[in-house]
Amino acid sequence: MSVGDVLYTSVVISLISLALFWMAAFTLWWQMHAWRTPETLASTRFDRPDGEGRLAFSLLLPARHEQAVLRQTIERLLESSHGDYEIIVIVGHDDPETAAVAEAAAARASERVRVVVDHNETKNKPKALNTALPHCRGDIVGVFDAEDQVHPELLAHVDHAFRSTAADVVQGGVQLINFHSSWYSLRNCLEYFFWFRSRLHLHAEKGFIPLGGNTVFVRTEVLREAGGWDQNCLAEDCDLGVRLSSVGKKVVVAYDSDMVTREETPGSLMSLLKQRTRWNQGFLQVYRKKDWQRLPGRGQRWLARYTLMTPFMQAASGVIIPLNFAVAVLLDVPVGIAIITFLPMITAMVTFVFEIVGLHDFGRQYGLRVRFVHYLKLVVGGPFYQVMLAGAAIRAVWREQRGRNEWELTSHTGAHLAPIGATAGASGAGVSTAIREDSHQ
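Because the structure is predicted, anything quoted here is derived from the model rather than measured.

Regarding the overall build of the protein
Next, step 1: Each helix and strand in the protein was counted, giving 14 helices and 11 strands.
Next, step 2: In the protein, which comprises 441 residues, the proportion classed as buried is 56%.
Next, step 3: Nonlocal contacts in the protein, meaning residues at least 24 apart in sequence, comprise 82% of its contacts between residues at least 6 apart.

Listed below in structure tokens is the structure:
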């Protein structure tokens, strides 16, 4: 190589390495938000309810081809200790099996359960939610998925959170539980743990938050003023959070490991790839809508820009880091430049250590036995998980450019389900082998 080629290569490698180092360090700092101080950790929890439930809840439960699990989810919701709520099950006009389960539940508990039929030809979750919104009678609209396991005390805590904080939105926690099912399920569970346990709280503090798709509660008048959900967006939950943040609505995030809504990871790696593709594509759609540009603060706008583009930057880093390292080792570059290329590896190692600590904390909070082999899978599976994320991001861009925005099916195996009547706070006991489709689809 000529001196000019070496200089050019060194500059490119240095810039890429420093950018990756900054991005990884920034992401790690966000991820550690709840663990920085005991005070921060304590502030993320639900306050104890005062026993004065005053708000009425309308709980929306969109269900499509969910006949295998819908009854159990409704029965779980009917165990709620709150005194004023209704359950609105939304079924498609072309899904008689799910409709039959919903109608049977409405017949058994007519004072609590109603059924709304979605007649849209093309079905998706935001269309189903918008169909049910005019039927809501409560002060608060809550959203759950058809496979959710909801704690009986959750509504009482959310009621108190609305009244004690004057919030417009309360986002509760969601946790994937079946970390033992596969190598990727372990990392998928940990992602949820860090997101709902820590990072969402930072977003709420900064005044910009991409909401989750379930266990989210919005004042009914606020939701109607916002026009409901964007029925053409693949991340309608994130989009709603962006729009409400941009008009200054107050969002409160509360987390308690006893109160989280329990779910499971996708049943196969391909299902996870499709699910993550949908999320990435949805984030890209929200970014292109540019509602985030109406956020009042410059810092909020930068946070929004970075958050909405993070899936693509993280995926790219999974590919670029080893390539950058290989270039530095195989090509004749100065020693100082080669050392700079190790900076992203340092943050990666620190992240691995924090993930190990997080996995231990996850197991302790949920009463799950985490063994050495799980820590080993966490570390060894890291690079492969990054490759999967990169593939999902690339696929999302490809689909968006080709105008492919249909909702792809995501199958589940019911690994998180507990029998009806079991304690909701138990750790995912009881396994259903029923195969069903994610109600997001």
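Continuing now.
Considerations on the packing of helix H7 (residues 183-206) against helix H14 (residues 372-401)
Next, step 1: Where H7 contacts H14, the axes come no closer than 9 Å and their chain directions differ by 90°. As the angle between them shows, H7 and H14 are arranged roughly perpendicular. Residue-level contacts link Trp183, Tyr184, Leu186, Arg187, Asn188, Leu190 and Glu191 of H7 to His374, Lys377, Leu378, Gly381, Gly382, Phe384 and Tyr385 of H14.
Next, step 2: Its residues assigned to classes, the contact of H7 with H14 comprises 7 nonpolar, 4 polar and 3 charged.

Focus: a negative patch on the surface
Next, step 1: A grouping of Asp84, Asp139, Glu221 and Glu225 is seen on the molecular surface, where their side chains present a negatively charged patch.
Next, step 2: Relative to the elements of secondary structure, Asp139 occurs in the loop between helix H5 (125-132) and strand E4 (140-143).

Some points on unusual backbone geometry
Residues other than glycine predominantly adopt negative phi, and peptide bonds predominantly adopt the trans conformation.
Next, step 1: In this model, His65 sits at a positive phi of 55°, which is unusual for a non-glycine residue.
Next, step 2: Checked against the element boundaries, His65 lands in the loop between strand E1 (57-62) and helix H3 (70-78).
Next, step 3: A positive phi angle, near 55°, is found at Thr215, a position not held by glycine.
Next, step 4: If you trace the backbone, Thr215 turns up in the loop between H7 and strand E7 (216-219).

With respect to the packing of aromatic side chains
Next, step 1: Counted according to the given criterion, the structure contains 19 aromatic pairs.
Next, step 2: Summarising the aromatic geometry, the rings of Phe57 and Phe217 are spaced 6.0 Å apart at their centres and angled 90° between planes, so their arrangement reads as edge-to-face. Here Phe57, found in strand E1, pairs with Phe217, found in strand E7; they are 160 residues apart in sequence, far enough to count as distant.
Next, step 3: With a relative accessible area of 1%, Phe57 lands in the buried category.
Next, step 4: Overall, Phe217 belongs to the buried group, its relative accessible area being 0%.

With respect to empty space enclosed by the protein
Unoccupied space between atoms shows up once a probe the size of one water molecule is rolled over them.
Next, step 1: Counting across every chain of the model gives 4 cavities of 30 Å³ or more.
Next, step 2: By volume, the second largest cavity is sized at about 60 Å³.
Next, step 3: Taken together, Leu129, Val143, Leu211, Gly212, Gly213, Val216, Val218, Trp229, Glu236, Asp237 and Leu240 make up the full set of residues lining the second largest cavity.
Next, step 4: The element best represented in the lining of the second largest cavity is helix H9 (residues 236-246), accounting for 3 residues.

Let's talk about the environment of Gly51
Next, step 1: When you line up the elements, Gly51 lands in the loop between helix H2 (38-43) and E1.
Next, step 2: On the basis of relative accessible area, Gly51 is assigned to the exposed category, the value being 73%.
Next, step 3: C-alpha separation for the pair Gly51 and Ala156, spaced 105 residues apart in sequence, amounts to 7.5 Å.

A look at the packing of H9 against helix H10 (residues 269-289)
Next, step 1: Orientation of H9 relative to H10, taken along the N-to-C sense of each, is 30°, at an axis distance of 9 Å. The orientation of H9 relative to H10 falls into the category roughly parallel. Relative to H10, H9 is oriented so that their crossing is right-handed. Of the residues in H10, those touching H9 at Cys238, Asp239, Val242 and Arg243 are Phe283, Val286 and Lys289.
Next, step 2: Within the contact of H9 with H10, the residues separate by chemical class into 4 nonpolar, no polar and 3 charged.

So, how was this worked out
- Counting of residues starts from 1 at the beginning of each chain's written sequence and follows it residue by residue.
- Residues qualify for local features only when their pLDDT is at least 70, as the model is predicted, and side-chain atom pairs are given and counted only at 80 or more; totals for whole chains, interfaces and linings, by contrast, use all residues.
- Calculation of side-chain values draws on the structure's entire complement of heavy atoms; hydrogens and water are dropped beforehand.
- Secondary structure follows DSSP: runs of H or I at least 4 residues long count as helices, runs of E at least 2 residues long count as strands, and numbering of each begins at the N terminus.
- Three exposure classes are used, based on accessible area relative to the maximum for each residue type with a 1.4 Å probe and protein chains only: buried under 20%, partly exposed in between, and exposed over 50%.
- Throughout, a contact is declared for two residues whenever any of their heavy atoms are within 4.5 Å.
- Geometry is summarised by axes, namely lines fitted to C-alpha atoms with helices restricted to the contacting stretch, and by angles between N-to-C directions that run from 0 to 180 degrees.
- Angular relationships are summarised with four words: roughly parallel below 35 degrees, roughly antiparallel beyond 145, roughly perpendicular across 65 to 115, and oblique for the angles in between.
- Classification used: nonpolar for Ala, Val, Leu, Ile, Met, Phe, Trp, Tyr, Cys and Pro, charged for Asp, Glu, Lys and Arg, polar for all others including Gly.
- A patch is a set of surface residues, each over 30% in relative accessible area and not in a salt bridge, joined within 9 Å for like charges and within 5 Å for the nonpolar side chains Val, Leu, Ile, Met, Phe, Trp and Tyr.
- Computed with the Shrake-Rupley method and a 1.4 Å probe, the accessible areas treat only the protein chains shown as cover for residues.
- Any Lys or Arg side-chain nitrogen located within 4 Å of an Asp or Glu carboxyl oxygen qualifies as a salt bridge.
- Charge counting follows a simple rule: Lys and Arg are positive, Asp and Glu are negative, and His as well as the terminal groups are ignored.
- Where a charge sits is defined by one atom per residue type, namely NZ (Lys), CZ (Arg), CG (Asp) or CD (Glu).
- Pairing of aromatic rings covers Phe, Tyr and the six-membered ring of Trp, with a centre-to-centre limit of 6.5 Å; geometry is then stacked below 30 degrees between planes, edge-to-face above 60, and tilted otherwise.
- In this analysis a 1.4 Å probe is tested at points of a 1 Å grid over the protein atoms alone, and where it fits but cannot get out there is a cavity; an open set with protein on both sides within 12 Å along at least five of seven lines is a pocket; lining residues have an atom within 4 Å of a point.
- Grid points are joined across faces, edges and corners, and a volume is the space filled by probe spheres set on the points.
- Crossings are classed by handedness, with left-handed meaning an anticlockwise turn of the near helix from the far one by less than a right angle and right-handed meaning a clockwise turn.

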